[in-house]
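# Structural overview
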Amino acid sequence: MNQLTKRLFMFLCVSLLAFSPSVLAQADMFEGRPTFSEGTDLGYYIWKEGDKWKVRWTTRGPMRHFTGSVVAEGGELHDLKRIDLEEERRVLYPGRAPNVWVGPHGRTHVGGGRAPVVVEHKEDIIKKDGDKTIVFAAKTRNDLDGFDFKPDKKVRSLRFVLEIEGRQMPMRVEVGKNNQKLATLPFEVKIQ
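Anyway, here's the lowdown on the structure attached to this text. Note that the coordinates shown come from a computational prediction; the quantities given were computed from them, not determined experimentally.

### Some details on the packing of aromatic side chains
Tallied over the full model, the rule gives 14 aromatic pairs. Seen in terms of ring centroids, Trp57 and Phe136 are 4.6 Å apart; in terms of plane orientation they differ by 15°. Their pairing is stacked. With Trp57 in strand E3 (residues 52-58) and Phe136 in strand E11 (residues 133-140), the pair connects residues that are 79 residues apart, well separated along the chain. Phe136 shares its class with Trp57; the two are buried. Relative to Phe147, the ring of Phe136 lies with its centre 5.6 Å away and its plane at 50°, an arrangement referred to as tilted. On the criterion of sequence distance, the pair formed by Phe136 in strand E11 and Phe147 in strand E12 (residues 144-151) is long-range, its members being eleven residues apart. For the pair shown, Phe136 and Phe147 are each scored as buried. A network of ring pairs unites the aromatic residues Tyr44, Trp57, Phe66, Phe136, Phe147 and Phe149 as a single cluster.

Rules used throughout
Residues numbered from 1 in each chain as written. Predicted model: local features only at pLDDT ≥ 70, side-chain atom pairs only at ≥ 80, totals over all residues. Heavy atoms only, no water. Phe/Tyr/Trp six-rings, centres within 6.5 Å; stacked < 30°, edge-to-face > 60°. Helix = DSSP H or I, 4+ residues; strand = E, 2+ residues; numbered from the N terminus. Buried < 20%, exposed > 50% of the residue type's maximum accessible area, 1.4 Å probe, protein only.

Any link to function would need more than the numbers given here.
So, in structure tokens, the structure goes:
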């Protein structure tokens, strides 16, 4: 190989490592809760408290669809706890008992009243897919959703894939107490 070809080859190798779609991050940058406001900020917020990892997303304005996954390499994920401030079943309007009265001829009459109006949120999914993967798909509006989990001692790294409305938006992801933004998605966090 001539000198120009060698330099071009080295540039491509370094570029691939530096700009690969899975950027390696160190776990210490995730320590502490980032600052954000529920229902007014838009994006993902990820942090670590001890051995527990926390993933949250919040929106402002219209309903948005958040999807993604967390995959462990080398070990398993445990203690998945869903954080959902929207109630799964919420009564919008309480029912009203019917009016019952006795007419002039001793006949009982029933009238009026209505059943309660109830809305249910069943489209949100936050679940484990095997021992090494958490997958989620949730629709959120002016609210906060998310989950907590613990990787076991054998986990070497965690790979996060995060999308909003089917698109990767790295500038909408903040991690750790310093609200550090990531350059690219998906990203991988080296734990060991």
